[in-house]
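Descriptive structure summary
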Amino acid sequence: MLSYWEREAWTRYDVIIIGAGIIGLSTAISLKERNPKLSVAVLERGLIPSGASTRNAGFACFGSLTEILHDIVANGEEATAELVRARYAGLHLLRQRLGDEACGYEQHGGAELLFEKNISALDQLERVNTVLGDIFPQKAFYLNNDAIASNGFNTEHVKALVQSDFEGQIHSGKMMRSLAALAQERGVMLFFGADVQQIEEGGAEARLHLRHNDDSVVMQAAQVALCTNAFTAQFAPELGITPGRGQVLVTTPISGLRFRGVFHFDEGFYYFRNVSSPEGQRILFGGARNMAFEAEETTALTLNDTIQQELERLLHEVIAPSAEFSVEHRWSGIMGFHQSKLPIVRRTEKNVVIGFGCNGMGVALGSTIGVETAKCVLGQ
Ligand SMILES: Cc1cc2nc3c(=O)[nH]c(=O)nc-3n(C[C@H](O)[C@H](O)[C@H](O)COP(=O)(O)OP(=O)(O)OC[C@H]3O[C@@H](n4cnc5c(N)ncnc54)[C@H](O)[C@@H]3O)c2cc1C
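Okay, so let's go over this structure. (Residues numbered from 1 in each chain as written. Predicted model: local features only at pLDDT ≥ 70, side-chain atom pairs only at ≥ 80, totals over all residues. Heavy atoms only, no water.)

Strand order in the open sheet formed by eight strands is β5-β6-β4-β13-β14-β15-β12-β16, and the pairing between neighbours is mixed. The open sheet terminates on both sides in strands that have one partner only, identified here as β5 (142-143) and β16 (327-337). Of the pairings in the sheet, the one linking strand β4 (residues 110-114) to strand β13 (residues 262-265) comprises three bridges and is parallel in character. Counted as the bridge partner of A111 is F263 from β13. (Pairing = 2+ DSSP bridges. Helix = DSSP H or I, 4+ residues; strand = E, 2+ residues; numbered from the N terminus.)

Side chains bearing opposite charge may pair, as long as their charged atoms lie close to each other. Scanning the entire structure with this criterion turns up 20 salt bridges. Between R211 and D195 there is a salt bridge, with the nearest N and O atoms lying 3.5 Å from each other. With a gap of 16 residues between them, R211 in strand β10 (residues 206-212) and D195 in the loop between β8 (189-192) and β9 (196-200) connect regions that are remote in the sequence. Residue R211 is classed as exposed on the basis of its relative accessible area of 53%. D195 sits in the partly exposed class, given a relative accessible area of 23%. For R313, the salt bridge is made with E310, and the minimal N-O distance between the two is 2.9 Å. (Salt bridge = Lys/Arg side-chain N within 4 Å of Asp/Glu carboxyl O. Buried < 20%, exposed > 50% of the residue type's maximum accessible area, 1.4 Å probe, protein only.)

For the structure shown, the criterion picks out two cavities of 30 Å³ or more. By volume, the largest cavity amounts to about 40 Å³. Considering the residues around the largest cavity, the lining is formed by F62, G63, I68, V84, L132, F136, A140, F141, S164 and F166. Residue composition of the lining of the largest cavity, grouped by class: eight nonpolar, two polar and no charged. Here the second largest cavity defines a volume of roughly 30 Å³. Around the second largest cavity, the lining residues are G63, S64, L65, G110, A111, E112, F141, V162, S164, E167 and H264. Listing elements by their share of the lining of the second largest cavity, those giving two or more residues are β4 and β6 (160-164). By residue class, the composition of the lining of the second largest cavity is four nonpolar, five polar and two charged. (1 Å grid on protein atoms, 1.4 Å probe; cavity = no way out; pocket = protein on both sides within 12 Å on 5 of 7 lines; lining within 4 Å. Points joined across faces, edges and corners; volume = space filled by probe spheres on them. Nonpolar A, V, L, I, M, F, W, Y, C, P; charged D, E, K, R; others polar.)

With that settled, consider the environment of G261. Along the polypeptide, G261 turns up in the loop between β12 (242-251) and β13. Assessed through its relative accessible area of 0%, G261 is described here as buried. Between the alpha carbons of G261 and L239 there is a distance of 35 Å; along the sequence they are 22 residues apart. Excluding anything up to four places from it in sequence, G261 contacts H108, G109, Q169, F272, R273 and N274. (Contact = heavy atoms within 4.5 Å.)

Structural data, given as structure tokens:
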């Protein structure tokens, strides 16, 4: 049961955002930017954000050549170009809001490794550059095969390297802390450990039911923004958003690690980068979800041994065959997927707006989706 004081001062807002991932926090910041007088609260069920945003690989990326080719087949050239444009704009906004130091941004570019099985993607390189023509200041992709050996990759396996100079990398933990700090600075109330059980629609305000001290508490808002990513089915199963677990490992520091930047292969299903830590350069490597789609369609924050072993094998055989290291950290995070791979930002109920859309690539896109979600909440 709440006290009179608690109920009067803590439970009622103009807008409540559910989920403190990159989209939820960016939506809160965008709302305050557009109308500083709005009272805005973010409800996050974890002690820290507990979906994808603090558990990802930190690629500030736009899509690799094979990934973009896949998107063109699924959504057409125009929609794919718009998505890449939204990612590029989102990264710009994120860096502008936080500053590069606060989110650990480094720009070493990125590259896709091609193997015998997908070398034919090179035939489409210029087509993709044309599709993305007016987004980047120079060509999005170019061939840079000299970097295969100079980066220390196994030349027996890697047949081509497609470079992109515009990708960067962030420290996901620092980025999310800085976003939370900025939201608070703008006057947003952040609640952690606030697990929303149910949204009750109907009147002028939506009523949100939460667990509280072995009891329940109701919070009210004229508008609710649902930024719960993979967990959205709890509130809006009709949207068809499904979870997909991603797994990552980080090595011990590697002396003389030769590459810097973000690297992808197999349509983005595998991704690795250097991590500059106080102890030295490490490799972060993640992916392989495509080995076990069904098993990985889960919200369980656990690991799958088969996937972890495959990541280690590729690390030793393909990525850093001559380096000495062991694996120091492993974790998983949960992404949200929708068949179309396009963002979903729209009103789903009288008082509820959905802000979803990263589909496994949210670092760059999250800020743009936050702007769009805020606009939708405000009816702009
Ligand atoms: C392993 C991994 C690697 C990735 N690597 C990259 C990468 O390198 N680059 C990139 O761009 N993207 C990457 N992604 C994807 C990126 O992290 C996501 O697209 C992005 O973080 C999604 O942000 P979001 O705000 O939509 O969701 P989330 O960060 O998942 O936030 C949703 C939040 O809602 C909260 N929530 C859910 N239900 C409730 C409830 N009932 N009540 C209260 N709170 C609730 C959750 O706890 C969660 O914190 C990766 C993801 C994973 C898992």
